[in-house]
Amino acid sequence: MAKTKLSLGYGPKLETVPVELPPGEPRPWDANDQLEVVGEPVPRIDGQLKVSGAARYTHDVALEDMLHAAVLRSPYPCATIKRVEVKAALDQPGVEAAIAVAAVGDKLIFAGQDVAAVAAARPEQARAALASIVVEYAPAPFVVGTRAAMRDGAPLVHETAVEERRTGADEPGAEKATGELSGNIRPGRSQKRGDAKRALNKAALTFEATYETQCHTHSSLETHGVMVRWDSEDAATVWASTQSIFSVRDEFAAIFGLPPAKVRVITHFLGGGFGSKFGANASGTAIAKIAGELARATNKPVKLMLTRHEEHLCTGNRPDSIQTVKLGATATPGAQAKITAIHVQAHGSAGVGTGAGVGRNASAVYTKVPDVLVESADVFTHAGPAVAFRAPGHPQGAFAMESALDELARQLELDPIDLRLAHDGHPVRRWQLELGRERFNWDARRQAAADMRARGTRVRRGVGCAVSIWGDFSGTEARVSVEIDRKGGVVVKNGVQDIGGGIGTIMAQVAAEVLARPVDQIRVEIGDSELGPGVGSGGSKTTASITPAVRNAAEAAKAELAQIAAEALEASSPSKLRWTNEGVSLGRRSLTWAELCERIEGEAIVAVGTRARTYGHYPKSFPGFPTPEIAGAQFAEVEIDTWTGEVRCTELLAVHDCGRVMNEMTVRSQINGGIALGVGYALMEERVMDPSLGVVLNPNLDQYKPCGAKDLPEISIVLTEVLSGNNNTGAYGIGEPATIPTAAAIANAVGDALGVHVRSLPITPAKILDALERGRQTSTEGDT
Amino acid sequence: MSDHSKQPGGVTRRGLFRTLGAATLVAGCVKQDPGSENPERSEAPELDDALGLTPAPLEFVLDGQPVQAEVEARTTLLELLRLDLDRTGTKVVCDRGACGACMVLVDGVPRNSCMMLAHDVGGSEVTTVAGLAEGEQLSALQLAFIEHDALQCGFCTSGMLISSTALLREGGPLTRGQVEDAIAGNLCRCGTYPHVVDAVLAVANGEGGRRQTELLQVKKGGA
Ligand code: FES
Ligand code: FES
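- In the nomenclature of an unreviewed UniProt entry, chain B is known as Carbon monoxide dehydrogenase small chain of Enhygromyxa salina.

- The name that an unreviewed UniProt entry assigns to chain A is Xanthine dehydrogenase molybdenum-binding subunit, with the source organism given as Enhygromyxa salina.

Structure, rendered in structure tokens:
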């Protein structure tokens, strides 16, 4: 360990602090480093391929001789298979193989589960051939509603212990959810500080409310899909629409009993994932197993791309939730009021799968509340399984917790920002709340909202805020190589995939920064397992895991070049050299980049870099992890027509921290995306199940409505940079934090506009009208 | 493309329909010259011109090049473009007119290609994302998309470009609202909308100005 002093901090708070660096680690970029390329709004290096339509996504890959697969899915939410015969499908035009995926006696537990599959020359032939597969089902009782599944005597989804399918996108620690199944309910994680139940009993004032959130589907524009080609008996190439190339490799190898090294996985371009695309199979359909078996049976490459309908049924969703929040507070009026206890009891259904956490807002944001208990339980229903979805658990948890805080603030006649400031121990988030208050014109707008309420205007406006918490969960598994050849070419290689955040561009920026080369002179190769171990894009850790490894590789390559240069220029030490875009110099003697690279012995310098474990000095660590806690706060304004219940989010201010900003423009894109997802979650999106048929009623985008261009508010973004020396580039993630508080902030703005809270997402016009009615009733009751 | 549609036993589907002789069955699929359309016509249509499940010839102009193909009546324009004509820049997302990812220009009008049969474009000019550039030279809008980061994963991008290209061709300066109206049928799950609007406005109004994030860096010499 080498000790060094770094200039670290955030905003106005800059300190010189000693930091222990792991062996071989370059000095992390701190406040004294004037970076030329890193942080700049460099346009994406693959932009040209994407705007010209030349980028080939997994959906677009075509191989000679390839076949297309289609899957027959159970129409019943619960049924036992009595007979399954695929033979007749083989006689259909174009069909080359047909397999049963479920066997006689198997119990199917959601509508959409795999039953059988075929491979044919054309996709429409494969789909048509499914009709000739004979299946006899013995349907059984089922339950698809979360509350219904919690009742005594509800049909049981699982009769024995539930098999977990965990992925790298789960919130770290989620695997601890292993309580004992009772009926359809299984207790999961709990977070605990002090004794919340006792504190609630003793509290002078208590508040209790139940909040509900809906089931939300990922709806990545590219559906899940793979193409499998067997290169020999025991070696395969898999093209996969995945956000984690190496998890596809490992799961595919495990399914077919191969050593992972015999499986090559390629994802050159990816049309979104949002947490759902880890592993070779999807959460509710064995796409890789099916494509692999069909490819084996036919000796041809087989492509299996799900339709949008299938994507909605069986590739994951954000579980719904029913959360009862109890708050205890002191009776002291106004700004002196203190929250003494928080107790959250959450149930959520992840269908037949698990993953119904509710984030960490209560326990980890409000560190100044002495007694906290958050209990969550999975409820099983006969519906497609959930899977991690952009900040798993957090938007649900934030909606309930942040709503309850606002409702309590209203009861105490307190400004909700003040109430948050009084209980949040993170200095950066406190700064963000103050910034937002000022930038959003909070006080004036709240006053205007109160005036409209008092006058009972038809159109009301209101403002609300909510906060997010996330951690830097970066991994050390990536191996990045930087090659510099004798012609001066620089190539950066890693097997990471780009989920849309633009990791390739940022890799080029970091290498360009270290080598003092123009960004367009750096070639980046990613999206292929042969390019060296990468990381999965889950947990908002891609940038923070990959960029330090790029820097290390580039520094090592540069050190070799520096040796060559020092010899040529007769420098006493490589540290005396001056590097510029042109090349390297010492006093008046210089070498151009081309002249320098010509002196490389052999074909090229090849250096490999890794990321050290997180170190550094940060304003606050994420509870339970030796890493920075990432802070964020969003402020929303809504406009509501109280006659029709129509609601629009008109403005949104997002104040976030993502460590050192790597690319100002692509960060903004990610934040816009988090907000768009949150607006859809707040106001529009909901997977609807038919309780009598047990099927999804809106399994396509005509009836399941994500946020469109006209639904989006005007967005302003403030990045509160934090330099923490957590790694040598100082990056950490933003993808997930950006979506956590959006729906909660909008809900709070709705509460401000109406004077009553809507306690259920999505906030539809009908719920607005209901809330207004509730408000009218309580005020008449109050009058009498 | 032709052998897969043969029925076992050598009966072609077309032959089958012919023996059925059901004029109603084929009425909706008859190639007609729109100018000569006569709703009162009572005799059965010319069966030789009818489109059944067997591939029939189709000619149109694709990205400036004439195309001749044998296409089944059931094939959508989107399927034809993606599966047979290697236009994979045009994406399939919902396959039912709800997302705009499959958009192409048909005689200059943006259309969801999943909602059109391939035979609907006989004689028309179809432009996909691959036809927006002049050779190697990207269009001003394509360049603006890169410059303004109007794409993340990029899966919605070709549809966004098609909608906005059609809007820009109408000419004149534009407002944010007009651009949002034009791309209202294009879904982007990555939430790139504000940057798409910026890019289109930059081209329409000749604005160079790029949206900024307020970046509050650590102050040197702070406390
Ligand atoms: S694929 Fe055509 S509109 Fe969605
Ligand atoms: S950029 Fe990913 S869907 Fe629009």
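## Section: the overall build of chain B
No. 1: For chain B, the helix and strand inventory stands at 7 helices and 6 strands.
No. 2: Of the regular secondary structure in chain B, the N- to C-terminal order runs α-α-β-β-α-β-β-β-α-α-α-α-β.
No. 3: Looking at chain B residue by residue over its 223 residues, the buried ones come to 49%.
No. 4: A separation of at least 24 residues holds for 56% of the contacts in chain B among residues at least 6 apart in sequence.
No. 5: A total of about 10,500 Å² of accessible surface is found on chain B, and carbon and sulfur atoms cover 49% of it.

## Details of the overall build of chain A
No. 1: A tally of helices and strands in chain A yields 18 helices and 29 strands.
No. 2: A globule of 784 residues ought to have a C-alpha radius of gyration of about 28 Å, and chain A, at 28 Å, matches this closely.
No. 3: Counting only C-alpha atoms and orienting by the principal axes, one finds that chain A spans roughly 95 × 75 × 45 Å.
No. 4: Expressed as a percentage of the 784 residues in chain A, the buried residues total 65%.
No. 5: Looking at chain A alone, contacts between residues at least 24 apart form 77% of all its contacts between residues at least 6 apart.
No. 6: Of the roughly 27,400 Å² of accessible surface on chain A, a fraction of 48% belongs to carbon and sulfur atoms.

## Description of the packing of aromatic side chains
All names here are of chain A.
No. 1: Counting across every chain of the model gives 14 aromatic pairs over all chains.
No. 2: Look at Trp 230 and Phe 252: their rings are 5.7 Å apart centre to centre, the planes differ by 45°, and that puts the pair in the tilted class. Highlighted residues: Trp 230 in strand 11 (residues 225-232) and Phe 252 in helix 5 (residues 245-256), separated in sequence by 22 residues.
No. 3: Classification of Trp 230 by relative accessible area gives buried; the value is 13%.
No. 4: Seen from their ring centres, Phe 622 and Phe 625 are 5.7 Å apart, and the 50° between their planes marks the pair as tilted.
No. 5: Exposure remark for Phe 622: the relative accessible area of 1% places this residue in the buried category.
No. 6: Through successive ring pairs, a cluster of aromatic residues spans Trp 470, Phe 473, Phe 622 and Phe 625.

## Topic: unusual backbone geometry
No. 1: In this chain, A:Leu761 is followed by A:Pro762 through a cis amide linkage whose omega measures -10°.
No. 2: Among the structural elements, A:Pro762 can be located in the loop between helix 17 (742-754) and helix 18 (765-783).
No. 3: Look at A:Ser219: it is not a glycine, yet its phi comes out positive at around 50°.
No. 4: Relative to the assigned elements, A:Ser219 resides in the loop between strand 10 (205-213) and strand 11.
No. 5: For A:Ser219, a relative accessible area of 4% translates into the label buried.
No. 6: Positive phi, normally seen in glycine, also occurs at B:Asp95, with a value near 60°.
No. 7: Relative to the helices and strands, B:Asp95 is located in the loop between helix 3 (77-84) and strand 3 (103-106).
No. 8: Residue B:Asp95 is classed as partly exposed on the basis of its relative accessible area, which comes to 41%.

## Things to note about the interface of chain A and chain B
No. 1: At the interface, 77 residues of chain A touch 62 residues of chain B.
No. 2: Each partner contributes to the roughly 5,900 Å² buried at the junction of chain A and chain B, and carbon and sulfur atoms together form 55% of this total.
No. 3: Among the residues of chain A in contact with chain B, A:Val51, A:Arg122 and A:Leu221 are the three that bury the most area, contributing 13% of the side total.
No. 4: One can count 10 salt bridges joining chain A with chain B.
No. 5: Note that A:Arg127 and B:Glu79 form a salt bridge whose closest N and O atoms lie 3.5 Å from each other.

## Points about the pattern of salt bridges
Residue and element names in this part refer to chain A.
No. 1: Taken as a whole and judged by the stated rule, the model has 54 salt bridges over all chains.
No. 2: A salt bridge links Glu 434 to Arg 437, with the shortest nitrogen-to-oxygen separation between them at 3.4 Å. Of this pair, Glu 434 and Arg 437 both sit in helix 11 (residues 427-439), 3 residues apart, roughly one helical turn.
No. 3: Overlapping salt bridges bring together Arg 445, Arg 461, Glu 637, Glu 639 and Glu 651 as one network.

## Overview of the packing of helix 5 of chain A against helix 6 (residues 287-298) of chain A
All names here are of chain A.
No. 1: Helix 6 packs onto helix 5 with a crossing angle of 55° between their chain directions and a minimal axis gap of 10 Å. Between helix 5 and helix 6, the interaxial angle falls into the category oblique. In this structure, helix 5 meets helix 6 at a crossing whose hand is right-handed. Note on element contacts: helix 6 touches helix 5 through Ala 288, Lys 289, Gly 292, Glu 293 and Arg 296, opposite Phe 252, Ile 255 and Phe 256.
No. 2: Broken down by class, the residue content of the contact of helix 5 with helix 6 amounts to 4 nonpolar, 1 polar and 3 charged.

## Digging into the pairing of strand 17 (residues 371-379) of chain A
Residue and element names in this part refer to chain A.
No. 1: Burial within strand 17 is extensive, with 8 of its 9 residues counted as buried.
No. 2: For strand 9 (residues 185-193) and strand 17, the ladder comprises 7 bridges, and the chain directions are antiparallel. Of the residues in strand 17, the one forming a bridge with Lys 192 is Leu 373.

## Notes on the sheet that holds strand 6 (residues 107-108) of chain A
No. 1: Judged by pairing direction, the sheet is antiparallel, and its 3 strands sit side by side in the order 6-4-8 (chain A) without closing on themselves. Edge strands, defined here as strands with exactly one partner in the open sheet, are strand 6 and strand 8 (134-139) of chain A.

## Quick notes on the nonpolar core
No. 1: With 147 residues, the main nonpolar core has A:Ile342, A:Phe635, A:Val750 and B:Phe145 as its most contacted residues.
No. 2: For A:Ile342, the contacting residues outside a window of four places in its chain are A:Ala196, A:Lys326, A:Leu327, A:Ala362, A:Tyr366, A:Val369, A:Asp371, A:Val372, A:Leu373 and A:Met401.
No. 3: Membership of the second largest hydrophobic core comes to 52 residues, among which are A:Val510, A:Ala511, A:Ile522 and A:Ile605.

## Points about the side chain of A:Glu402
Residues and elements named next belong to chain A.
No. 1: Turning to its location among the elements, Glu 402 is positioned in helix 9 (residues 394-412).
No. 2: Assessed through its relative accessible area of 0%, Glu 402 is described here as buried.
No. 3: Of note is the side chain of Glu 402, whose polar atom sits 3.5 Å from the side chain of Asn 361.
No. 4: At 2.6 Å, the side chain of Glu 402 and the side chain of Tyr 366 are in polar contact.

## Topic: the packing of helix 4 (residues 140-147) of chain B against helix 5 (residues 157-169) of chain B
Residues and elements named next belong to chain B.
No. 1: The geometry of helix 4 relative to helix 5 is characterised by a closest axis approach of 10 Å and an angle of 130° between their N-to-C directions. Relative to helix 5, the element helix 4 is oriented oblique. When the axes of helix 4 and helix 5 are compared, the crossing they make is right-handed. Counted together, Leu 141, Gln 142 and Phe 145 of helix 4 and Thr 157, Met 160, Leu 161, Ser 164, Thr 165 and Leu 168 of helix 5 form the full contact between these two elements.

## Quick notes on the domain arrangement of chain B
Residues and elements named next belong to chain B.
No. 1: Split by domain assignment, chain B resolves into domain 1 (50-131) and domain 2 (140-221).
No. 2: Between the C-alpha centres of domain 1 and domain 2 the distance comes to 26 Å.
No. 3: If you look at the interface, domain 1 gives 17 residues, while domain 2 gives 13 residues.
No. 4: Summing both partners gives a buried area of about 1,100 Å² for domain 1 against domain 2, and 65% of it is carried by carbon and sulfur.
No. 5: Looking at the side of domain 1 facing domain 2, the largest losses of area belong to Met 103, Leu 105 and Val 129, adding up to 42% of the total buried there.
No. 6: Here domain 1 and domain 2 share 0 salt bridges between them.
No. 7: It is strand 3 that provides the largest number of residues to the side of domain 1 that touches domain 2, a total of 3 residues.
No. 8: Each residue belonging to the side of domain 1 that touches domain 2 can be placed in one class, and the counts come to 10 nonpolar, 6 polar and 1 charged.

Definitions and cut-offs
- Residues numbered from 1 in each chain as written.
- Chains lettered and ligands numbered in written order.
- Predicted model: local features only at pLDDT ≥ 70, side-chain atom pairs only at ≥ 80, totals over all residues.
- Heavy atoms only, no water.
- Helix = DSSP H or I, 4+ residues; strand = E, 2+ residues; numbered from the N terminus.
- Buried < 20%, exposed > 50% of the residue type's maximum accessible area, 1.4 Å probe, protein only.
- Contact = heavy atoms within 4.5 Å.
- Areas by Shrake-Rupley, 256 points an atom, 1.4 Å probe, with all protein chains shown as cover.
- Rg over C-alpha atoms; globule rule 2.2 N^0.38 Å.
- Phe/Tyr/Trp six-rings, centres within 6.5 Å; stacked < 30°, edge-to-face > 60°.
- Buried area = accessible area lost by both parts, 1.4 Å probe.
- Salt bridge = Lys/Arg side-chain N within 4 Å of Asp/Glu carboxyl O.
- Axes fitted to C-alpha atoms, helices over the stretch in contact; angles between N-to-C directions.
- Parallel < 35°, antiparallel > 145°, perpendicular 65-115°, else oblique.
- Left-handed = near helix turned anticlockwise from the far one by under 90°.
- Nonpolar A, V, L, I, M, F, W, Y, C, P; charged D, E, K, R; others polar.
- Pairing = 2+ DSSP bridges.
- Core = buried A, V, L, I, M, F, W, Y, C linked by side-chain atoms within 4.5 Å.
- Polar contact = N/O pair within 3.5 Å; in protein donor to acceptor, adjacent residues only side chain to side chain.
- Domains from an automatic or database assignment.

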